[in-house]
Number of protein chains: 2
Amino acid sequence: MNDPQAAAGKATGLTFSNLDPQKQRRVLDESYREFAERGYNQASINRIVGRLDIAKGSLFQYFGSKEGLFKHLFRRAVDEIKTPLRAIRDADTAEAFPQRLKRVFAASAAFAKAHPFLWGIYRRMLTQEDFPLRATLLSEVRAEALTFFRELIELGQQQGFVRAELDPATAAFIIEATLDRALTAQDSPVLDAGLGLSSDPHTRQARLDALAEALCQGFSIPEAHKGDCNA
Amino acid sequence: MNDPQAAAGKATGLTFSNLDPQKQRRVLDESYREFAERGYNQASINRIVGRLDIAKGSLFQYFGSKEGLFKHLFRRAVDEIKTPLRAIRDADTAEAFPQRLKRVFAASAAFAKAHPFLWGIYRRMLTQEDFPLRATLLSEVRAEALTFFRELIELGQQQGFVRAELDPATAAFIIEATLDRALTAQDSPVLDAGLGLSSDPHTRQARLDALAEALCQGFSIPEAHKGDCNA
DNA sequence: CGCAGAAATGACCGGGTGGTCATTCCTATG
DNA sequence: CATAGGAATGACCACCCGGTCATTTCTGCG
């Protein structure tokens with residue numbers, strides 16, 4: 001009769017997937033938006049069902065709880081996103097360090113612009129401790145990002161572009177911090193502080209390039225590759 | 001009779017300042033802590049008065065509203081903090097660029113550790129749009145920080161330590177981003193990602209130095225000052 | 001048509017929130 | 001001691017929250 005195990009978990013497990021796919025999308029999109037705009041705690045189930053014009057009970061029948069909804073949403077998003085992100089990462093592996101760095105910067109910025117809700121949730125997760133799955137997900141994502149940048153630096157060192165005495169982990173940290181800040185600034189004028197990252201796409205692109213260039217020149221072996229960074 | 005203007009504003013204006021200074025401190029400290037730990041929206045007046053063991057009505061008599069309390073708190077904190085921060089900034093102006101950069105990194109980290117509540121609120125403000133005064137305060141603070149780093153770079157260029165073709169604004173952005181990330185990581189293991197910034201003070205200090213060094217070497221004129229950065 | 005099972009509904013619940021205010025308490029002064 | 005005025009109180013308010021569930025509506029099949 002009573003099954004305490006089932007309290008937080010599957011609920012029905014089927015209802016939602018039986019729905020008209022178009023309705024599924026609408027529900028997912030609207031919930032997404034709410035979490036991205038308000039964060040986990042400030043997000044309101046009432047507001048979501050209000051905008052969707054469905055009964056509150058339905059949402060709970062689909063996902064069991066607020067946390068269930070969020071987890072479903074996020075797991076799905078992460079899966080959907082993994083492929084394109086890996087594509088960015090693994091593109092042009094053979095390319096020289098400076099070009100690759102710039103490309104990664106540009107692609108990341110484009111990605112953040114293209115998936116504002118996912119990016120919004122990620123950004124909120126970074127500084128708002130109360131998200132479900134925060135620890136798990138964040139350490140996964142960040143570890144992957146830092147590993148990627150570290151490998152990029154190491155490859156640059158093998159190619160002879162990057163100074164050999166530079167600690168890859170330290171450099172990766174700096175790159176990641178700069179990129180993250182730049183992406184954050186591009187949709188938040190307050191953080192931009194006059195650099196121009198949040199203005200029109202043209203200037204934004206230029207500023208982003210300048211950042212990648214400055215980093216690249218900073219890490220480069222000066223005598224060997226003068227001027228290679230602004231190719 | 002009715003004065004809509006007075007709704008959000010001064011309330012009594014005097015009650016709180018008439019209080020026993022010791023009680024004033026207790027009230028301020030506890031409120032501080034609540035906002036720092038939970039952010040503005042999640043902070044609870046009920047919890048504050050509960051911990052202080054005073055009546056809820058009293059808090060509202062002192063500050064008029066939750067927003068009033070927060071504003072009072074923050075204005076006061078900013079004032080209290082300005083002096084020591086300027087001191088860090090203006091110390092050893094004559095010192096060479098690498099040493100100055102390291103010193104600023106170390107001092108900032110120490111400051112964040114020494115004022116965890118203020119630092120917590122600032123960090124939350126960066127990514128949680130719903131704080132009162134957010135726009136005003138944030139742009140003020142960030143502008144000041146970026147200006148400081150820009151001037152530091154420019155001075156470094158005059159001293160001949162920093163490459164002349166480096167754009168000061170871009171470099172300042174990178175420095176600020178790195179420093180901010182490092183300070184954030186030092187009390188949040190999830191963000192550290194194996195670098196060691198959130199472990200014991202010794203390693204933390206070493207990692208922080210490594211970051212400053214890497215930045216410094218990146219910006220330096222290579223031939224002229226080899227090795228100057230790890231003085 | 002009848003009917004079964006899935007899906008949808010929204011009134012309702014307990015609890016927490018920021019905020020109010022009539023009342024009581026405290027203390028300093030005449 | 002009486003009293004005036006500031007300080008303290010906590011019951012109370014309207015509102016919103018996440019969550020429940022008995023009931024109704026829909027839909028497809030025999």
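As a reminder, the structure under discussion sits directly above these lines.
Residues numbered from 1 in each chain as written. Chains lettered and ligands numbered in written order. Predicted model: local features only at pLDDT ≥ 70, side-chain atom pairs only at ≥ 80, totals over all residues. Heavy atoms only, no water.

Peer 1: Would you mind going over the protein's contact with DNA strand D in detail, with residue names and values included?
Peer 2: Taken together, 20 residues lie near DNA strand D, and N46, K56 and K66 of chain A together with N18 and Y62 of chain B sit nearest. Counting only atoms of DNA strand D within 4 Å of the protein, the sugar-phosphate share comes to 60%. The side chain of S44 of chain A places a nitrogen or oxygen atom 2.9 Å from a phosphate oxygen of DNA strand D. At a separation of 2.6 Å, a phosphate oxygen of DNA strand D approaches a polar backbone atom of K66 of chain A. (Near = heavy atom within 4 Å. Polar contact = N/O pair within 3.5 Å; in protein donor to acceptor, adjacent residues only side chain to side chain.)

Peer 1: Residues and numbers for the interface of chain A and chain B, please.
Peer 2: Contact residues are listed per partner, giving 45 residues for chain A and 45 residues for chain B. For the pair chain A and chain B, the summed buried surface comes to about 3700 Å²; carbon and sulfur atoms form 58% of the total. Applying the counting criterion to the chain A and chain B interface returns 8 salt bridges. Taken together, chain A and chain B are joined by 12 residue pairs in polar contact (both at pLDDT 80 or more). Of all the elements, helix α8 (residues 168-185) of chain A adds the most residues to the side of chain A that touches chain B, at 10 residues. For the side of chain A that touches chain B, the per-class residue count stands at 20 nonpolar, 10 polar and 15 charged. (Contact = heavy atoms within 4.5 Å. Buried area = accessible area lost by both parts, 1.4 Å probe. Salt bridge = Lys/Arg side-chain N within 4 Å of Asp/Glu carboxyl O. Helix = DSSP H or I, 4+ residues; strand = E, 2+ residues; numbered from the N terminus. Nonpolar A, V, L, I, M, F, W, Y, C, P; charged D, E, K, R; others polar.)

Peer 1: Explain helix α6 (residues 116-127) of chain A to me, and be specific about the residues and the numbers.
Peer 2: Since the α-helix advances by 3.6 residues per turn, residues separated by three or four positions end up pointing in the same direction. Residue and element names in this part refer to chain A. Its 12 residues place the ends of α6 17 Å apart at the C-alpha level, agreeing with the 16 Å of an ideal helix rising 1.5 Å per residue. Along α6, 10 of the 12 residues are buried, which leaves the element largely enclosed by surrounding structure. Looking at α6, one finds that the buried residues are L118, W119, G120, I121, Y122, R123, R124, M125, L126 and T127. (Expected span 1.5 Å × (residues − 1). Buried < 20%, exposed > 50% of the residue type's maximum accessible area, 1.4 Å probe, protein only.)

Peer 1: Explain the protein's contact with DNA strand C residue by residue, including any values.
Peer 2: The immediate surroundings of DNA strand C are formed by 20 residues, with N18 and Y62 of chain A together with A43, K56 and K66 of chain B found nearest. Within 4 Å of the protein, the atoms of DNA strand C are drawn from sugar and phosphate moieties in a proportion of 60%. T15 of chain A is positioned such that a nitrogen or oxygen atom in its side chain is 3.5 Å from a phosphate oxygen of DNA strand C. At 3.0 Å, a side-chain N or O of K23 of chain A approaches a phosphate oxygen of DNA strand C. Those elements that place two or more of their residues in the surface near DNA strand C are α3 (56-63) of chain A together with α2 (45-52) and α3 (56-63) of chain B. Broken down by element, the residue count for the surface near DNA strand C peaks at 5 residues, all from α3 of chain A. Residue composition of the surface near DNA strand C, grouped by class: 7 nonpolar, 9 polar and 4 charged.

Peer 1: Can you break down the relation of the copies chain A and chain B residue by residue, with the values?
Peer 2: Turning chain A through 180 degrees and shifting it by 0.0 Å along the axis lays it on chain B, with an RMSD of 0.1 Å. Here the transformation between the copies is reduced to the relation of a two-fold axis. Residue G218 of chain A, judged by its C-alpha, is the member of chain A lying nearest the rotation axis, at 1.7 Å. An overlap of 100% is found between the interface residues of chain A and their copies at the interface of chain B, pointing to a shared contact surface. (Least-squares fit on C-alpha atoms with pLDDT ≥ 70 in both.)

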